[in-house]
Amino acid sequence: MQIKRLSNQDADALLMLLREEDTENLSSFSGLIDDKLRDFVMSLISRKDFTGKKGSLVKLPLFDSKFKNLYLIGLGKKEKCDINLIRDSLTWGFRKIGRERNKTACVLLKNLNKYKELALALGEAAGLCAYVFDKYKTKDEHYEPFALEEIFSDAYDEKEISIGEKLAAAQIFSRELINEPGCVIWPSVLASKAEEVAKKYNLECEVWDEEKLKAERMGGVLAVGSGSKNPPRFIHLAYKPQRAVKKIAFVGKGITFDSGGLDIKPENFMTTMKGDKTGACNVLAIIKAVAELKLNVEVHGFMSVAENMPSGSAYRPDDIITARNGKTIEINNTDAEGRLVLADALCVASEIKPDAIIDMATLTGACMVALGKWRAGLFSNDDELANKFLDSSTRRGELLWRLPVEDDNIAETLKSPYADLVNCAQRYGGAIFAALFLKEFVGKDIAWAHMDIAGPDFKDKEYGVYSKGASAFGVRTCLDYLMSL
């Protein structure tokens, strides 16, 4: 899809986003629409057919106009309108326009030009609006592909739009990988995808197979992957520009399918567990986008990848394993596997002594219970890092909420009578327990943030910039953070 500067062209669709206050006179659009069209829109407003109420949409055919169809979307009260609502509304509008066989669209945003990052949000919306995962659906003679090909806007800024498009492309790249089922992507396949990215963007890449994992003392990854016929992998990608201002490490949980292992999940909790590789897929997408954006930050991506399956060779409750840093872990629950593969990866990431480590994982149902399905949990040992991430999440509309990573009572439950740690304890405070567990494997004096993205990871239906299925939540936030350094 191409975004171009608005001139005086005809188009199949005209899209206008109006706050309630904008409906008073439409003076902002003087010179952009002719008097006849302005009077027509004002007549709709005067009859209360359109009031600018948040979430409202009116579509009408136009006659004797250079536009074939008119789309009006309400943004609600001016005081409550922000760039995230605008981005979501643009995505919704473009999605409607493209599905209703419009190939070209003009979007008028002059009334919103005081909002920061308007052009960037336009690029994000255009990049995200058309995505659906339907590659395995048979297309019959009635199938109509997404039609929108060109967007013309008065909010044109080539550089900002390009950044927005790259952020959107990164999120879609991750979604495509996450949405693939376990019969298509298993550990060695994801490792091959990483190698392809590394080759295309001239990145450093190292993949450890099961023999190398044993030699490197990666006890958590090996244990989790022991029950599957598809052996685990550990992936390290590195982007190293000259004169980098910072060195940042991203760590991703990559469980290509999570059955729960011997502590097997109920069937209604096992569906969508192809999405348990989201953290690793997000890390791969982030480092790919960093190379495209040519950021002046050294970025390392560490991905621990395994398939958690039950079998005669699977790890068991009561087993004691040894992580890379020598700490021993008693297994209380084989379905608390993500923290085990992350433990090894956090050790390796700490060894390169980065300025900060950020890990992402669909880690706990407890975080989803606490925060719902639309917001992720953020844990950090560093206030400055946490605040930067909260700022980035606000700009990109990916909601985070900071949760505590200091709790002496919960920390007591990490202790095992037989090993240094247990991997699972009581039900309550489960997300905090998991974060405290991960903290045990982060190097001393390294700023660290952990994003528990289990809640917003998978969408049951479309809304805003999200399509049904994998959301790849966190990709744009992490890229925003890197761009802010």
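Computed from a predicted model, the values in this text were never measured in an experiment. (Residues numbered from 1 in each chain as written. Predicted model: local features only at pLDDT ≥ 70, side-chain atom pairs only at ≥ 80, totals over all residues. Heavy atoms only, no water.)

Across its full length, the protein chain holds 15 helices and 19 strands. The C-alpha radius of gyration computed for the protein chain amounts to 24 Å, which stays within 12% of the reference 23 Å derived for 485 residues, consistent with globular compactness. Overall, the C-alpha framework of the protein chain stretches about 80 × 50 × 45 Å when taken along its three principal axes. Looking at the protein chain as a whole, 56% of its 485 residues qualify as buried. Across the protein chain, contacts joining residues at least 24 apart in sequence account for 78% of those joining residues at least 6 apart. Accessible surface for the protein chain amounts to roughly 20900 Å². Of this, 49% is attributable to carbon and sulfur atoms. (Helix = DSSP H or I, 4+ residues; strand = E, 2+ residues; numbered from the N terminus. Rg over C-alpha atoms; globule rule 2.2 N^0.38 Å. Buried < 20%, exposed > 50% of the residue type's maximum accessible area, 1.4 Å probe, protein only. Contact = heavy atoms within 4.5 Å. Areas by Shrake-Rupley, 256 points an atom, 1.4 Å probe, with all protein chains shown as cover.)

Tracing the sequence through the fold places Thr104 in strand β5 (residues 104–108). Sequence separation between Thr104 and Ser467 is 363 residues, and the spatial gap between their C-alpha atoms is 22 Å. Of note is the side chain of Thr104, whose polar atom sits 2.9 Å from the backbone nitrogen of Asp12. (Polar contact = N/O pair within 3.5 Å; in protein donor to acceptor, adjacent residues only side chain to side chain.)

The subject of this paragraph is the pattern of salt bridges. Pairing between side chains of opposite charge can happen when their charged atoms approach one another. Throughout the structure, instances matching the rule amount to 36 salt bridges. Measuring nitrogen to oxygen at the nearest pair gives 3.5 Å for the salt bridge that ties Lys68 to Asp12. Here Lys68, found in strand β4 (residues 67–76), pairs with Asp12, found in strand β2 (residues 11–19); they are 56 residues apart in sequence, far enough to count as distant. For Lys68, a relative accessible area of 53% corresponds to the exposed category. (Salt bridge = Lys/Arg side-chain N within 4 Å of Asp/Glu carboxyl O.)

Below, the discussion takes up the packing of helix α2 (residues 83–99) against helix α12 (residues 383–396). Working note: a packed helix pair is described by the angle between its axes plus the distance between those axes. Running from N to C, α2 and α12 point in directions that differ by 40 degrees, and their axes come no closer than 7 Å. On the basis of their axis angle, the class for α2 and α12 is oblique. Packed against α2, whose contacting residues are Ile83, Asn84 and Arg87, the element α12 presents Thr394, Arg395 and Arg396 at the interface. Across the contact of α2 with α12, the residue classes break down as 1 nonpolar, 2 polar and 3 charged. (Axes fitted to C-alpha atoms, helices over the stretch in contact; angles between N-to-C directions. Parallel < 35°, antiparallel > 145°, perpendicular 65-115°, else oblique. Nonpolar A, V, L, I, M, F, W, Y, C, P; charged D, E, K, R; others polar.)

Take the nonpolar core next. Phe250, Ile286, Ile358, Phe389, Met451, Leu479 and Leu482 are the most contacted members of the largest nonpolar core, which totals 63 residues. The greatest single-element share of this core, amounting to 11 residues, is contributed by helix α9 (residues 278–293). Counting 50 residues, the second-largest nonpolar core is a separate cluster that includes Leu346, Ala361, Phe437 and Phe441. (Core = buried A, V, L, I, M, F, W, Y, C linked by side-chain atoms within 4.5 Å.)

A few words on the packing of aromatic side chains. The tally for this structure, following the rule as stated, stands at 6 aromatic pairs. Their ring planes at 40 degrees and their centres at 5.1 Å tell us that Trp208 and Phe234 sit as a pair that is tilted. Of this pair, Trp208 sits in strand β7 (residues 204–208) while Phe234 sits in strand β8 (residues 233–239), and the two are 26 residues apart along the sequence. Between Phe234 and Phe302 the ring centres are 6.2 Å apart and the planes differ by 25 degrees, which places this aromatic pair in the stacked class. (Phe/Tyr/Trp six-rings, centres within 6.5 Å; stacked < 30°, edge-to-face > 60°.)

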